[in-house]
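An overview of the molecular structure
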Amino acid sequence: MTDVPHSDGRHSDGQYSDGRHSDTTLERGLLSASRTTAITRIGFAAPVASAAAFVAALEGEPAVAWASRELVLAGLGAARELRSEGDERWARIVSGARSVVVGPDVGEIRSAPRFLGGLAFLPGAAAHGPWRGFGDAWFVLPRWTYTHDGKRGELVLAIDAREVAQAVRWRTELARIQRALSEPVTAHARFPRPATCAVERDDRATWRAQIDAITAAIARGECEKIVAARSVTVQLSGDVRPADLLADLDVRHPDCVRLFVRPPDGGTLVAATPERLVRVTGRAVACDALAGSRQRDQGATDAAVLLASDKDRREHAIVVDAIVAALHELGADVSAADQPRVRALRHVLHLHTPIAAILPAARHVLDVAERLHPTPAVGGTPARFAREWIAAHERARGWYASPVGWFDGAGNGDLAVALRCGVIEGSRAHLWAGAGIVAGSDPDRELAETELKLRPMLGALGGEP
């Protein structure tokens with residue numbers, strides 16, 4: 001039987017064509033783009049593959065990826081780039097996105113145009129060190145967008161009339177991406193790791209002094225909670241491919257959202273985070289309250305011990321109350337369980353309360369996120385006191401514990417909190433982990449908690465299981 005391509009580019013044996021069908025679609029798209037001042041999107045069928053395979057296809061290009069059980073969404077290059085600094089960064093990103101005009105679609109495209117990126121923990125927090133190039137806020141409408149829902153993939157090229165003349169480039173990049181997506185996903189999960197030469201941790205005495213200072217401020221009534229963070233630098237024997245780390249996290253932590261951010265200049269952020277900041281779909285809002293932690297020892301009583309911990313329950317309640325209050329301020333009808341559940345991850349158990357809300361009218365996900373960030377799960381309360389303490393006492397967090405994700409033209413979107421993360425710069429990896437400090441917090445126990453939260457990235461780097 002002759003192997004004839006289907007209308008979506010599939011051959012009768014289930015393989016995807018990167019030949020004549022793709023060339024024809026590209027030519028039609030280039031012709032359409034030449035006739036409009038808007039951005040034209042050209043769609044190609046694609047197999048279900050890993051975000052890691054996709055971002056590795058064009059390693060010199062900016063890249064952002066979001067990978068969860070429900071959605072893999074990744075972008076390469078920038079058809080349009082949005083940057084903003086300072087306190088007005090949220091609104092300016094929204095305004096900038098609304099000014100981008102996306103015109104006709106060519107080929108079969110099911111998804112809406114989406115911007116991918118994120119924001120720094122605080123304005124100015126990503127100005128130095130490994131965070132150079134990230135900025136206070138950076139989002140892109142990718143040149144190439146790859147997405148799949150576990151059943152069907154889609155590849156989209158976004159160009160405008162000025163770029164039609166670069167047809168050879170688009171053909172070349174299309175072929176490279178299609179080859180990368182056709183490789184088995186598991187091939188990217190087994191890579192040769194450079195050896196770990198040194199792990200530089202912050203001074204433990206300094207950490208203990210900081211925790212004592214926070215608990216003293218709590219005792220004086222100045223605050224109720226502050227999340228303190230530590231940084232670790234790992235020196236390796238050779239350069240690390242961030243896409244390989246992303247693939248490893250896919251295998252080790254499929255129950256987390258895996259994040260990948262590679263701006264035009266600087267390092268690459270890689271994360272496997274268990275925490276959603278906010279998802280907005282029309283008027284519907286979903287948030288995670290995730291605070292209170294215990295090491296997962298495979299014991300049957302671990303969850304019961306965590307649920308019975310007064311310290312962890314108090315820490316968790318602060319986060320729930322703050323998220324619910326912020327949503328109420330937006331006029332939302334909010335629902336949250338009376339009692340937290342336990343969320344079990346590879347190394348740690350967390351107290352978890354999902355929170356749902358219905359807004360009186362649709363709002364942009366960045367507008368809602370601005371009201372929430374930083375929640376007491378990563379900042380503290382009162383929020384202003386905690387932010388000032390963090391800025392004064394810690395190494396700049398950059399995008400650690402910050403919102404990273406995507407949004408579309410209608411303002412729908414999903415933002416995760418960049419936890420269990422690191423920034424890769426050649427043969428160096430800069431990692432962050434934090435712990436929520438409340439009345440009764442013990443410095444040594446909180447130190448052990450941060451070590452536990454460093455394990456996902458250390459494991460991906462080959463330093464620990």
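Its 16 residues place the ends of helix α5 (residues 204-219) 23 Å apart at the C-alpha level, agreeing with the 22 Å of an ideal helix rising 1.5 Å per residue. Where α5 is buried, its residues contact β11 (225-236), α10 (383-393), β23 (428-437) and α11 (443-461). Its side-chain oxygen 3.2 Å from the backbone nitrogen of Ala205, Asp203 forms the N-cap of α5. Just beyond α5, the residue with positive phi is Gly221, at close to 85 degrees.

The next point concerns the packing of helix α6 (residues 242-252) against α11. In helix packing, the relevant descriptors are the interaxial angle and the interaxial distance, both defined with respect to the helix axes. Viewed as axis vectors pointing N to C, α6 and α11 meet at an angle of 120 degrees, and their least axial separation amounts to 9 Å. As summarised for this structure, α6 and α11 are arranged oblique, according to the angle between their axes. Along this stretch, α6 crosses α11, giving a crossing that reads as right-handed. Residue-level contacts link Leu245, Asp248, Leu249 and Arg252 of α6 to Pro456, Met457, Gly459, Ala460 and Leu461 of α11. For the contact of α6 with α11, the per-class residue count stands at six nonpolar, one polar and two charged.

Taking 1.5 Å per residue as the helical rise, α11 with its 19 residues ought to reach 27 Å, and the 27 Å between its terminal C-alpha atoms agrees with that figure. Where α11 bends most, the angle comes to about 40 degrees, and this point is Arg455, followed within four residues by the proline Pro456. Gly462 occupies a position one or two residues after α11 and carries a positive phi of about 95 degrees.

With that settled, consider the packing of aromatic side chains. All told, the structure shown has seven aromatic pairs when counted by the stated rule. Grouped by ring-pair contacts, the aromatic residues Trp131, Phe134, Trp399 and Trp432 constitute a single cluster. Directly above the aromatic system of Trp406 lies the positively charged group of Arg114, at a separation of 4.9 Å from the ring centroid. In this structure, Arg230 packs its charged tip against the face of Trp207, placed 6.0 Å from the ring centre.

Attention now moves to the pattern of salt bridges. Between side chains of opposite charge, a pair can form when the charged atoms approach closely. Counted according to the given criterion, the structure contains 32 salt bridges. A salt bridge links Glu81 to Arg83; the shortest N-O distance between them is 3.3 Å. Taking the relative accessible area as the measure of exposure, Glu81 reaches 40% and is therefore partly exposed. One salt bridge in this structure joins Arg241 and Asp244, with 3.0 Å as the shortest N-O distance.

Conventions and cut-offs
Residues numbered from 1 in each chain as written. Predicted model: local features only at pLDDT ≥ 70, side-chain atom pairs only at ≥ 80, totals over all residues. Heavy atoms only, no water. Helix = DSSP H or I, 4+ residues; strand = E, 2+ residues; numbered from the N terminus. Expected span 1.5 Å × (residues − 1). Contact = heavy atoms within 4.5 Å. Polar contact = N/O pair within 3.5 Å; in protein donor to acceptor, adjacent residues only side chain to side chain. Axes fitted to C-alpha atoms, helices over the stretch in contact; angles between N-to-C directions. Parallel < 35°, antiparallel > 145°, perpendicular 65-115°, else oblique. Left-handed = near helix turned anticlockwise from the far one by under 90°. Nonpolar A, V, L, I, M, F, W, Y, C, P; charged D, E, K, R; others polar. Bend = angle between axes of the 7 residues up to and from the residue. Phe/Tyr/Trp six-rings, centres within 6.5 Å; stacked < 30°, edge-to-face > 60°. Lys NZ or Arg CZ within 6 Å of the ring centre and 35° of its normal. Salt bridge = Lys/Arg side-chain N within 4 Å of Asp/Glu carboxyl O. Buried < 20%, exposed > 50% of the residue type's maximum accessible area, 1.4 Å probe, protein only.

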